[in-house]
Amino acid sequence: MADPIAFDDMESFLRVAKYTLVKFTDMHAEMKEEAMDICITAVEKFPDESEKCTQMIKEMMDKKFGAPWHVVVGSGFSYEITYEVQNLLYIFVGGRTAVLLWKM
């Protein structure tokens, strides 16, 4: 088994983590790309305001793909959800901020 990569400082980690990491999704490719764009834009626009970030993501997803969408943004959370098949996205933006997006 490979050893995890060790970073000497946070700056090194953030250089590697600048790309979005898709932890799990079952969305179609087109929907996934649009949802990721919405999530990344919201996280970058409101880096310290999770409420505004989640509100922006939810409103845009409801408008684009129909309601009801649910969103969790933050770090250090776990989840157990029920969701509609092909409507789940779990990503990390900037290495630290997780976005969980699902439709029910």
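Bear in mind the structure is a predicted one, so any value in this text is a computation, not a measurement. Throughout, a residue's number is its position along its own chain's written sequence, starting from 1. In keeping with the predicted nature of the model, local features appear solely for residues at pLDDT of at least 70, side-chain atom pairs appear and are counted solely at 80 or more, and the whole-chain, interface and lining totals rest on all residues. The basis for every side-chain value is the complete set of non-hydrogen atoms in the structure, without hydrogens or water.

So, the environment of Val85
Mapping Val85 onto the fold places it in the loop between β2 (69–74) and β3 (88–93). Think of it in three bands: with a 1.4 Å probe and only protein chains considered, a residue is buried below 20% of the maximum accessible area for its type, exposed above 50%, and partly exposed in between. The class for Val85 is exposed, based on a relative accessible area of 64%. For the pair Val85 and Lys103, spaced 18 residues apart in sequence, the C-alpha to C-alpha distance is 8.5 Å. Under the scheme used here, helices are H or I runs from DSSP no shorter than 4 residues and strands are E runs no shorter than 2 residues, and both carry numbers assigned from the N terminus.

So, the pattern of salt bridges
Each reported salt bridge corresponds to a side-chain nitrogen of Lys or Arg within 4 Å of a carboxyl oxygen of Asp or Glu. Here the structure, examined in full by the defined rule, presents three salt bridges. The shortest N-O distance in the salt bridge between Lys64 and Glu34 comes to 3.0 Å. Separated by 30 residues along the polypeptide, Lys64 in helix α3 (residues 50–65) and Glu34 in helix α2 (residues 29–45) bring together distant segments of the chain. What makes Lys64 exposed here is its relative accessible area of 51%. Residue Glu34 is classed as partly exposed on the basis of its relative accessible area of 26%. Residues Glu49 and Lys52 are paired through a salt bridge, measuring 3.1 Å at the closest nitrogen-oxygen approach. Assessed through its relative accessible area of 37%, Glu49 is described here as partly exposed. Residue Lys52 is classed as partly exposed on the basis of its relative accessible area, which comes to 42%.

Note that all results are geometric; they support no functional claim without further evidence.
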